[in-house]
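Working through the structure, step by step
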Amino acid sequence: MNTTKIIQKASWRDYYEMTKPNVVLLLLLTALVGMCLASETWIDAQVLLAGLFGIGALSSAAAVVNHVVDQEIDTKMARTFNRPVAKGRVTTTQALVFAVILGVTGFIALELWVNRLTAILTFAGLVGYAGIYTMFLKRATPQNIVIGGLAGAIPPLLGWTAVTGEIHAFPLLLVLIVFTWTPPHFWALAIHREKDYAKAKIPMLPVTHGVEYTKTFVLLYTVLLCLVCLLPYLVGMADMIYLVGSSALNAGFMYYAYKLKYHAEPETAMATFKYSIIHLMVLFVVLLLDHYIPISL
Ligand code: HEM
Ligand SMILES: CC(C)=CCC/C(C)=C/CC/C(C)=C/COP(=O)(O)OP(=O)(O)O
């Protein structure tokens, strides 16, 4: 369906919004923690700055491409209809030029001042989110976000490879944590926005399998997340601050997921989604504290 777009002048805020700044900030926190956990001492300033810049720029480029590819469906949903490209304030060409500038500068920064492995893995994250998830999976299967979640989960590994130049099992555990966290994060929001997704004909789980089924899977993935979060402690990667902190955060997530399934009120799904963001943010801060203040039993 063709939607007529009203031509309005774009402001810098439109370009900022297209980068999904809050999402990218949380991705960068997970990358920073990956860097810190890989270092026994201070992180080299060049690796720290160029690494965060490059990962941030390529993630932002992926987010801008998402705005271009999804412009048609964005016009159909209350949450997204006012986005810069959907609304026509930024043209497809302008957005793509912006994405290419971000992508190329980010890749060059990683290649020149960090290392090639990190540049290639970060680029793979961009292709995973902008190419595989946005262009194909999102419209193809209700498991879209489970598979696509891998792209958003990769930053802790990127932080680690930025510092060490190699892949290690420890950051892969952090990737596994974010990967397991993504379904309850997104499906809680999708339950709240189920009618929007149905209207835009996007096969998100609550649309294809119903809200009750999705709530069950939010709960099951939250249980899985609680188990996966124990792994850093069990393999000796993290100590007591992490064990206590992550257990408390996971108890909170279980409370919301259980309430969503068995005692839901109208706002429970949105509250669960909001909690998921606090959960991941604090979890990574706790990992950082634990790294610098190791307390063993
Ligand atoms: C395939 C994986 C993911 C999907 C489908 C997804 C989906 C979403 C959606 C639809 C929103 C709402 C955005 C809005 O209100 O405009 C959102 C918000 C958010 N997501 Fe995710 N997400 C995913 C992965 C991640 C990851 C890996 C992170 C960070 C590590 C993350 C962090 C956030 C944050 C911080 C917000 C709040 C944004 C804001 O308030 O502006 N998400 N997510
Ligand atoms: C290089 C690298 C690590 C790239 C990862 C990039 C990235 C920005 C991941 C975020 C995941 C996310 C917000 C998905 C929502 O997309 P959606 O299209 O389902 O949500 P929307 O409807 O809000 O656009």
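Rules behind the numbers
Residues numbered from 1 in each chain as written. Chains lettered and ligands numbered in written order. Predicted model: local features only at pLDDT ≥ 70, side-chain atom pairs only at ≥ 80, totals over all residues. UniProt positions renumbered as here; feature names shortened; annotations may be inferred. Core = buried A, V, L, I, M, F, W, Y, C linked by C-beta atoms within 7 Å. Buried ≥ 20, exposed ≤ 12 C-beta atoms within 10 Å, placed from the backbone. Domains from an automatic or database assignment. Contact = placed C-beta atoms within 7 Å. Axes fitted to C-alpha atoms, helices over the stretch in contact; angles between N-to-C directions. Helix = DSSP H or I, 4+ residues; strand = E, 2+ residues; numbered from the N terminus. Parallel < 35°, antiparallel > 145°, perpendicular 65-115°, else oblique. Nonpolar A, V, L, I, M, F, W, Y, C, P; charged D, E, K, R; others polar. Near = placed C-beta within 6 Å.

Per an unreviewed UniProt entry, the protein carries the name Protoheme IX farnesyltransferase and comes from Opacimonas viscosa. Turning to the protein, the UniProt annotation filed under Sequence similarities (unreviewed entry) states: "Belongs to the UbiA prenyltransferase family. Protoheme IX farnesyltransferase subfamily." The UniProt entry for the protein carries the following comment under Subcellular location (unreviewed entry): "Cell membrane".

**Structural notes on the nonpolar core**
In this structure, A61 and V64 are the most contacted members of the largest nonpolar core, which totals 81 residues. Both domain 1 (1-166) and domain 2 (168-297) contribute no fewer than three residues apiece to this core. Setting aside its immediate chain neighbours within four residues, A61 contacts A99, L102, G103, G106 and L126.

**What about the packing of helix α7 (residues 116-140) against helix α8 (residues 144-153)?**
Look at α7 against α8: their axes get within 8 Å of each other, and the N-to-C directions meet at 170 degrees. As judged from the angle between their axes, α7 and α8 are roughly antiparallel. Of the residues in α8, those touching α7 at G125, G128, Y129, I132, Y133, L137, K138 and A140 are N144, I147, G148, L150, A151 and G152. The residue makeup of the contact of α7 with α8, split by class, is eight nonpolar, five polar and one charged.

**Re the site of ligand 1**
Looking at ligand 1, there are 19 residues lining it, with N22, L26, I145, G148 and G152 nearest. Among the elements of the structure, α2 (21-38), α8, α10 (169-192) and α16 (268-292) are those that each provide at least two residues to the shell around ligand 1. Within the shell around ligand 1, the residues separate by chemical class into 11 nonpolar, seven polar and one charged. Two domains each donate at least three residues to the shell around ligand 1, and these are domain 1 (1-166) and domain 2 (168-297).

**Digging into the UniProt feature "transmembrane region" (unreviewed entry) in the protein**
Cross-referencing UniProt, the feature "transmembrane region" (unreviewed entry) maps to residues 48-69, 90-110, 116-137, 144-163, 169-192, 213-234, 240-258 and 270-289 in the present numbering. Strand forms 0% of residues 144-163 and helix 95%; the C-alpha atoms that close the span are 31 Å apart.

**With respect to the domain arrangement of the protein**
Taken domain by domain, the protein comprises domain 1 (1-166) and domain 2 (168-297). With centres defined by C-alpha atoms, the gap from domain 1 to domain 2 works out at 21 Å. Each partner contributes to the interface: domain 1 provides 28 residues, whereas domain 2 provides 28 residues. Elements that contribute at least two residues to the side of domain 1 that touches domain 2 include exactly α2, α7, α8 and α9 (155-164). Residue classes in the side of domain 1 that touches domain 2 are distributed as 17 nonpolar, six polar and five charged.

**Let's talk about the site of ligand 2**
In the vicinity of ligand 2, 20 residues are found, and the nearest of them are S59, A62, G125, Y129 and G152. Among the elements of the structure, α2, α3 (45-69), α7 and α8 are those that each provide at least two residues to the shell around ligand 2. Considering every element that reaches the shell around ligand 2, the biggest residue donor is α7, with six residues. Class assignment for the residues of the shell around ligand 2 results in 10 nonpolar, seven polar and three charged.

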